[in-house]
Amino acid sequence: MEKRKKKDKKKIIALTACVILAAAGQNFASLAQAYESSAQAYESSAQAYESSAQAYESSVQKTVFMEEIFADKELPLTESFLAKQEKGKDENSTNIQLYARSAVLMDADSGRVLFGKNEQEPMPMASTTKIMTCILALENGNMEDMVTVSSYAARQPKVHLGMYEGQKFRMKDLLYSLMLESHNDAAVAIAEHLGGSVEGFAAMMNQKAKDIGCFDTFFITPNGLDASVTDSGGDTKVHSTTARDLARIMKYCIEESEKKEEFLEITRTANHFFTDGEGKGSYSCNNHNAFLAMMDGALSGKTGFTNNAGYCYVGALRREGKTFVVALLACGWPNNKNYKWSDTKKLMGYGLENYEYRNVYEPVKLEPLLVEGGVPENGKPYGGAYVGVSVKEEELNILLKDGEKAEKEVRLPDALTAPVKGGSIAGSVKYYLEGELLKEYPIVVDGDVEQMNFPWIVRYIWKLYAL
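Residues numbered from 1 in each chain as written. Predicted model: local features only at pLDDT ≥ 70, side-chain atom pairs only at ≥ 80, totals over all residues. Heavy atoms only, no water.

Visitor: Please clarify how the pairing of strand 7 (residues 271–275) should be interpreted in this entry.
Guide: Within a regular strand, the side chains alternate between the two sheet faces. Residues His 272 and Phe 274 line the buried face of strand 7, whereas the alternating positions Asn 271, Phe 273 and Thr 275 sit on a face that is not buried. Across five bridges, strand 7 lies against strand 8 (residues 282–286) in antiparallel orientation. The residue of strand 8 that forms the bridge with His 272 is Cys 285. In this structure, the hairpin formed by strand 7 and strand 8 is closed by a connection of six residues, where Gly 279 is found at a positive phi of approximately 75 degrees. (Buried < 20%, exposed > 50% of the residue type's maximum accessible area, 1.4 Å probe, protein only. Helix = DSSP H or I, 4+ residues; strand = E, 2+ residues; numbered from the N terminus. Pairing = 2+ DSSP bridges.)

Pasting the structure below:
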C-alpha cells in the first residue's frame, strides 16, 4: 500500500510539471491561481503578486529607452549629429586663416579634432615621420644596444650625422641625433637594427599606425625622405600621412605609449653630447624645435622639410590642464620657413582661449528589467522576474567651447532572457559630440536570475507536496 502511494505521488508530480511546461510562454499567473485554487492554498498571495507585477510593468513602460535591442553594431549617427559636424567644419575653415594647406588642432586627451583644414587629405610629411621612428625604437629597442652602421645608412643625404660604414653607436645616442638634429643616417641605422632592413622597419611603422587608428598613413622610409613604391596591383603609393593621423601619432607618443616619458625627455632636451662606440668620434646635437621657447607649456615637437612636402610641423602644448596637438602639412616652401610657427601659435592660442573642460555626465535613471523565462524573486512560478541594472557614475570632463553640448544615448533592451548572471553587460550609455563618440559606459546587471526550466519546476512541485 505504501509503495502504491509513493508511486501515485510521483505520477501526480510528473503530470503537474508537464502541465506547467506545456503552458510555458503563456500566463503563468492564471495557471498558478488555478492550481492553488484546487489545492486551496497560495491563492491570495498569487493574486497580490500578479497585481503588483502588472503595476510594476506599467511603470517600467513609462521609462523611455532606445527602440533598438542591444546588439554589437554601433548606433547609427543621427542626421542632426552629422549636420552639426559639417557645420562645425565649415565654421572652422572660415574663422581661422592659415598658411598650411592641411592642418589640425587636436585635444590630446580625447583625440577630438577641434579644428581641421583638409585634415584627411594624404600628403608627404617629411621628417615629422621621425616621431614614429623614435617611439618604435623606444618601445622595441634596448637603449644600451650598440648599433652598427651599414653602407646604406652611411650614404644617406643631409641632414646627416656623418657616420661611416662599420661605425658603432649606442641606440640612445642615435635617438637624440634623430630627434634633435633630424639626422637621416641615424634614422636608417635605427631602422635596420630593429627591423632587419628599412623595408622591415617600414612594415613595423605601418602596423603601428593601424594599431593606433591611423588608416590614411603609409610609411616607406624611417626618415621621411620623399619616396614611392608600386604595390602588387600596380598602384603607386607615396610616403604620406594626413594632418589628422599625424596629430594622432603625436598624441600616442605623449599620452598613451608606455615610453611617453622617455619620448618627452628626448624631444625636450636642448642639447646632447656623445661619442661613438670606440670613443674616437665626438658629436654634439642641438634641438631645432624653436616652438619649445615660443609658448609657455610647449611639450614636444618635430619639424620637417622636403621638396615635395614643404615645411611641416607637429607639436604639443600643455597648459592650464589642457593638452593640445597641432599638425601642419605643406606649410610653405623656402623663404617661408617661419609660416609653421605662425600657424602653430595661432592654433594653440585658439584652443587655449576658446576651450574649457566641462563635466557633461548626466545621471541615468534605470528601472529593473524584465527577465523572460526567469524565476521571480519570491521563488514562485508566477508573476514576473526582474533584475536591477546600473551604470557607473563619474565625472566626464570634456573640452568644449561656447555653444557645444554633448548628447547622451541610452541603449537597453526591453527584456533579458534567463539565465542572467550578475555583472554581465545589459546595455550602454554613450556620449556624443557632433556625431563623434566621446565615452561609453556599460550598463551592468546587478544580480543573478535563475532560469525556470523543467528541473526547477520539478523541484518546486516536490517542495509543495513535501509540505
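Additional details are given in the paragraphs that follow.
Visitor: What is the right way to read unusual backbone geometry from this model?
Guide: The residue after Lys 158, namely Val 159, is reached through a cis peptide bond having omega 10 degrees. Relative to the assigned elements, Val 159 resides in the loop between helix 6 (151–154) and strand 4 (168–170). Note that the residue after Ala 418, namely Pro 419, is joined by a cis bond; omega there is 0 degrees. Looking at the element boundaries, Pro 419 is found in the loop between strand 18 (415–417) and strand 19 (425–433). Unlike most non-glycine residues, Ser 182 shows phi in positive territory, near 65 degrees. Positionally, Ser 182 belongs in the loop between helix 7 (171–180) and helix 8 (184–195). With a relative accessible area of 12%, Ser 182 lands in the buried category. A positive phi angle, near 55 degrees, is found at Glu 434, a position not held by glycine. With respect to the helices and strands, Glu 434 occurs in the loop between strand 19 and strand 20 (436–445).

Visitor: Help me understand the pattern of salt bridges in this model?
Guide: Oppositely charged side chains are able to pair whenever their charged atoms sit close together. Applying the stated rule across the entire model yields 15 salt bridges. With its nearest N and O atoms 3.2 Å apart, the salt bridge here joins Asp 173 to Arg 170. A salt bridge links Glu 356 to Lys 322, with the shortest nitrogen-to-oxygen separation between them at 3.4 Å. Taken together, the residues span a long stretch of sequence, with Glu 356 in strand 12 (residues 356–359) and Lys 322 in strand 11 (residues 322–329) at a distance of 34 residues. Salt bridges here are not isolated pairs; linked through shared partners, they connect Glu 144, Arg 170 and Asp 173. (Salt bridge = Lys/Arg side-chain N within 4 Å of Asp/Glu carboxyl O.)

Visitor: Just to check I follow, could you spell out the pairing of strand 20 for this structure?
Guide: Judged from the three bridges that link them, strand 15 (residues 389–391) and strand 20 form a sheet pairing that is antiparallel. If you follow Ser 390 over to strand 20, its bridge partner there is Val 444. Pairing between strand 19 and strand 20: eight bridges, direction antiparallel. Looking at the pairing, Ile 425 lines up with Val 444 of strand 20. A loop of two residues connects strand 19 with strand 20, the two strands running antiparallel in sequence, and Glu 434 in this loop sits at a positive phi of about 55 degrees.

Visitor: Would you mind going over the packing of helix 7 against helix 11 (residues 260–268) with me for this structure?
Guide: Geometrically, a packed helix pair is captured by the angle between its two axes and the distance between the axes. It is at 9 Å that the axes of helix 7 and helix 11 come closest, and there the two elements cross at 60 degrees. Taken together, helix 7 and helix 11 sit at an angle that is classed as oblique. The handedness of the crossing between helix 7 and helix 11 is right-handed. In this structure, helix 7 contributes Leu 175, Tyr 176, Met 179 and Leu 180 to the contact, and helix 11 contributes Phe 263, Glu 265, Ile 266 and Thr 267. Residue classes in the contact of helix 7 with helix 11 are distributed as six nonpolar, one polar and one charged. (Axes fitted to C-alpha atoms, helices over the stretch in contact; angles between N-to-C directions. Parallel < 35°, antiparallel > 145°, perpendicular 65-115°, else oblique. Left-handed = near helix turned anticlockwise from the far one by under 90°. Contact = heavy atoms within 4.5 Å. Nonpolar A, V, L, I, M, F, W, Y, C, P; charged D, E, K, R; others polar.)

Visitor: Would you mind showing me how to read the nonpolar core here?
Guide: Ranked by internal contacts, the top residues of the largest apolar core, which has 64 residues, are Ile 131, Leu 175, Phe 263 and Val 325. Sort the elements by how many residues they give to this core and helix 10 (residues 243–256) lands first, with eight residues. Sequence-distant contacts of Leu 175, that is, excluding residues within four places in its chain, are made with Cys 134, Ala 137, Leu 138, Met 143, Ile 190 and Ile 266. Of all hydrophobic cores here, the second largest spans 28 residues; its members include Val 389, Leu 396, Val 420 and Ala 426. (Core = buried A, V, L, I, M, F, W, Y, C linked by side-chain atoms within 4.5 Å.)

Visitor: Is there a simple way to explain the sheet that holds strand 2 (residues 113–117) in this structure?
Guide: Sheets are built from strands paired through backbone hydrogen bonds, the pairs being either parallel or antiparallel. With antiparallel pairing, five strands are arranged side by side in an open sheet as 2-1-11-10-9. With partners counted over all chains shown, the strands left at the sheet margins are strand 2 and strand 9 (298–306), one partner each. Each adjacent strand pair in this sheet contributes to an overall mean axis angle of 5 degrees, direction not counted. Alignment of strand 9 against strand 10 (residues 310–319), held across eight bridges, turns out to be antiparallel. The partner of Gly 304 across the bridge, within strand 10, is Cys 312.

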